[in-house]
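# Structural overview
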Number of protein chains: 2
Amino acid sequence: MRPLSDQSPETLRASLAVLQERYAVLKGRGLKLDMTRGKPAPEQLDLSEGLLALPGNRDHFTEAGEDARNYGGIQGLAEVRRLFSGVLGAPPEQIAVGNNSSLALMHDCLVYALLKGVPGGAGPWSREGEIRFLCPVPGYDRHFALCETYGIIMERVPMTPDGPDMGAVEDRVRDPRVKGMWCVPQYSNPGGETYADDTVERLAGMRTGAPDFRLFWDNAYALHHLTEHRPVLRNVLEAAAAAGQPERPFVFASTSKVTLAGAGLAFFAASPANLRWYLANVGKRSIGPDKLNQLRHARFLAQEGALDRLMESHRRLLAPKFKAVTDTLERHLAGTGAARWTIPQGGYFILLEVPEGCASRVVELAAGCGLAMTPAGATHPYGRDPQDRTLRLAPSYPSLAEVEAAAEVIALCTLLAATEARIRQAR
Amino acid sequence: MRPLSDQSPETLRASLAVLQERYAVLKGRGLKLDMTRGKPAPEQLDLSEGLLALPGNRDHFTEAGEDARNYGGIQGLAEVRRLFSGVLGAPPEQIAVGNNSSLALMHDCLVYALLKGVPGGAGPWSREGEIRFLCPVPGYDRHFALCETYGIIMERVPMTPDGPDMGAVEDRVRDPRVKGMWCVPQYSNPGGETYADDTVERLAGMRTGAPDFRLFWDNAYALHHLTEHRPVLRNVLEAAAAAGQPERPFVFASTSKVTLAGAGLAFFAASPANLRWYLANVGKRSIGPDKLNQLRHARFLAQEGALDRLMESHRRLLAPKFKAVTDTLERHLAGTGAARWTIPQGGYFILLEVPEGCASRVVELAAGCGLAMTPAGATHPYGRDPQDRTLRLAPSYPSLAEVEAAAEVIALCTLLAATEARIRQAR
């Protein structure tokens, strides 16, 4: 297809008429599709069906001989910490297991930092006046929402294929008001980038103005490959320790997209000093996590290789959906210049970049055909994409047939919005 | 037995020698007993054995047809909110269900108040300089620990058989720095008092200096009767609404001592405005609670009367342990003036008052015989009991035989410490 930019106003207007006709047809189909969130599909949750009847009657003792039904055990079961030690890149003694949401652990770390301060700091962050976090963009809206709700100023830094633009990061962290940074280091949400070794090492070792600066290292997609390729992410805890900054990373992960999205386990891993700090605070908040759910997971994933086999089953369900989207975009949009998109090697999202000023129009058009998309701007701090061009596609939840239909809608709406924009510009 | 105070120095010294001999014998038995915490016994946890294999295969849909395995459902399942509506004294729509710890919900409400403020307030409590909470004493150490960790000044108010001394409370809440108050309104921890209707009404309606004052209403023992007597606690949400203070109470409860201590459900109930506030904040923290555990509880407690039958079974296990302690204390201490103790009608604790200056000595002596007791002072803010006379006994966890042995130790150590003190005073 010829780029829209090379087409005459007459051709564009003719195309628009055709696209509008196709849009009317799609609208008439009365679709009801949802691509807003990175939710696992029911078929994926079925892979962990075994959890639903576990641990089973009379099985409630941990390997340490403790009764998992009772209070206590604030750090979580040793057998579970061992099982996820590789994923977290930390020895079991530097890991804590929480309930069902790693976002909650990030929230709580932020709250403890605001109200109590962190090891190596001068006290509660909330007493230091204005504080700031660096936010690679595009990024994850729920990270941004935590900063926004607690009045932490967000500063954007651009993403590159190797992770955040380290020149910009190193420049900005000299400011002592910059206390932290959000990182999704592998298969980043939503761009899919995995941080290069050099990026991880620079983040781990860079000079920061704040002595108590923290990397909020949300390794949500450590196991979530979509291809045969297996990137090896540099271990941030090791890199930070080697650089003399052992307290810098707070590492988070969860089994929300491994076992059950609403009933998985969340993990925190960090230096011994950070872990002691975390446990001291979390031990005030609660008498212990749900250890029965930990035992359930330990039983379910006990067999050698069970975790890898589970993730391979997820991949077989997810990869065709991602391919359906990118193939459809390719078929309708290649050569038009109306969009660029990622072909992710892992994670849960496809990033779609449309011409400037068109993202919210695409979402609006899609909604008109019954397709709910993540709101335009959601990938940016404060929900504001200054160029209105970034869209996040989440193909995991709908069925393959629905994903195919949704991709058709997205491709058409993108082309329609881009053609409208081109016509406006040509005036 | 004659009161120690009536005994001559010679008699006291003779008694001391006998008591020391008995102490040496007890010490020689090499006991290893733990009465520190209000933990359910394994037999109590066995009552909820059915939960361990629930919800069971292919059963993961809520009554609303939602998949309990996936993300979402921040308020919790309607069927669970309905089931506990009576316990909380609130309609299901004014209830939220959290994960396994009501202490965590109290913590989070405190954190949201500190960092964001509450409905009707002028902003974050943390920006108001020094703030204060009223703490009825004796009280619950984990409540006090939350205030202490976040720098909230604790002010003691005395307990009476009808609840907190309302004269003292009404006087102190005129101070606008007083932002909240801890209340365990039924079978109070540790004194066992149930607040009188008049107390609840005065708490609900009293004039407070702070417009955003909150009652942290920890109704932990609503169902935890030890006798046939069933007190009817005045509904604080209704009393507050009737008094024109609908936003005043934050009500908390959990199934930690109903089903499984480490894997139960926690509840928050409040006015519609407070509930919206809570959900808005908790919705930033997490994408939703563990709904599968909610479904598990809904299935387990589905039968009409199941909750009452379960609590009756708890009572049958617990009441003999409480009786063993109070009978033993009666047998050894009646008439000596060495102690007073409660005969609780519900809850998890016996309060033991020893002569001034003796509580920490009793704990020390008991430890010498292999009995771990709750530290002296734990029932007071900052862990400091100025009179060093209050002890909390927690007979739920050990077996009946162990409880009997522990009660013998406590009676002996109390008599020994009181005799020592009397001899010192007589000098």
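Residues numbered from 1 in each chain as written. Chains lettered and ligands numbered in written order. Predicted model: local features only at pLDDT ≥ 70, side-chain atom pairs only at ≥ 80, totals over all residues. Heavy atoms only, no water.

### What to know about the sheet that holds strand β9 (residues 266–269) of chain A
All names here are of chain A. Here we have 8 strands laid out as an open sheet, ordered β2-β9-β8-β7-β6-β3-β4-β5, and mixed in their pairing. Each edge of the open sheet is held by one strand with a lone partner, namely β2 (95–98) and β5 (163–164). In this fold helix α8 (residues 197–205) packs onto β5, β6 (178–183) and β7 (214–218), with an angle of close to 145° to the strand it touches most, β7. (Pairing = 2+ DSSP bridges. Helix = DSSP H or I, 4+ residues; strand = E, 2+ residues; numbered from the N terminus. Contact = heavy atoms within 4.5 Å. Axes fitted to C-alpha atoms, helices over the stretch in contact; angles between N-to-C directions.)

### Here's the deal with helix α1 (residues 9–28) of chain B
Residue and element names in this part refer to chain B. If you check α1, its first and last C-alpha atoms are 28 Å apart, about what 20 residues at 1.5 Å a residue would give, namely 28 Å. Within α1, the full set of buried residues consists of L12, L16, L19, Y23 and L26. Down the axis of α1, the smallest arc covering the buried residues is 85°, so these residues share one side. Turned more than 90 degrees off the buried face of α1, the exposed positions are E10, E21, V25 and G28. Where α1 is buried, its residues meet α13 (359–368) and α14 (400–426). Downstream of α1 by one or two residues, G30 has phi in the positive range, about 60°. (Expected span 1.5 Å × (residues − 1). Buried < 20%, exposed > 50% of the residue type's maximum accessible area, 1.4 Å probe, protein only. Arc of directions from axis to C-beta.)

### What to know about the packing of helix α12 (residues 306–333) of chain A against helix α14 (residues 400–426) of chain A
To characterise two packed helices, one gives the angle between the axes of the helices and the distance between these axes. Residue and element names in this part refer to chain A. Between α12 and α14, the shortest axis-to-axis distance is 9 Å and the interhelical angle comes to 30°. The orientation of α12 relative to α14 falls into the category roughly parallel. Our pair here, α12 against α14, has a crossing hand that is right-handed. Here P320, K321, A324, V325, T328, L329, R331, H332 and L333 of α12 lie close against α14, whose contacting residues are L400, V403, E404, A407, E408, I410, A411, T414 and L415. Split by residue class, the contact of α12 with α14 holds 11 nonpolar, 3 polar and 4 charged. (Parallel < 35°, antiparallel > 145°, perpendicular 65-115°, else oblique. Left-handed = near helix turned anticlockwise from the far one by under 90°. Nonpolar A, V, L, I, M, F, W, Y, C, P; charged D, E, K, R; others polar.)

### Some points on the pattern of salt bridges
All names here are of chain A. In this structure the tally under the stated criterion is 66 salt bridges over all chains. A salt bridge links D59 to R299, with the shortest nitrogen-to-oxygen separation between them at 2.7 Å. Of this pair, D59 sits in the loop between α2 (42–46) and α3 (78–83) while R299 sits in helix α11 (residues 291–300), and the two are 240 residues apart along the sequence. Residue class for D59 comes out partly exposed when judged on its relative accessible area of 21%. With a closest N to O distance of 3.1 Å, R315 and E312 form a salt bridge. In this pair, R315 and E312 are both assigned in helix α12, 3 residues apart and thus about one turn of the helix distant. Take E312: its relative accessible area is 22%, and that puts it in the partly exposed class. Members of the salt-bridge network, linked through shared partners, are E130, R132, E155, R172, D175 and R177. (Salt bridge = Lys/Arg side-chain N within 4 Å of Asp/Glu carboxyl O.)

### Looking at the domain arrangement of chain A
All names here are of chain A. Here chain A is partitioned into domain 1 (4–44 + 308–426) and domain 2 (61–302). Here domain 1 and domain 2 have C-alpha centroids that lie 31 Å from each other. With 29 residues of domain 1 at the contact, the number on the domain 2 side is 33 residues. It is R315, Q345 and Y382 in domain 1 that bury the most area against domain 2; as a group they hold 25% of the surface buried on that side. Summed over the shared surface of domain 1 and domain 2, the result is 3 salt bridges. Linking domain 1 to domain 2 there are 10 residue pairs in polar contact (both at pLDDT 80 or more). Elements with a contribution of two residues or more to the side of domain 1 that touches domain 2: α12, β11 (350–353) and β13 (390–393). Per-element accounting of the side of domain 1 that touches domain 2 gives the leading share, 8 residues, to α12. (Domains from an automatic or database assignment. Buried area = accessible area lost by both parts, 1.4 Å probe. Polar contact = N/O pair within 3.5 Å; in protein donor to acceptor, adjacent residues only side chain to side chain.)

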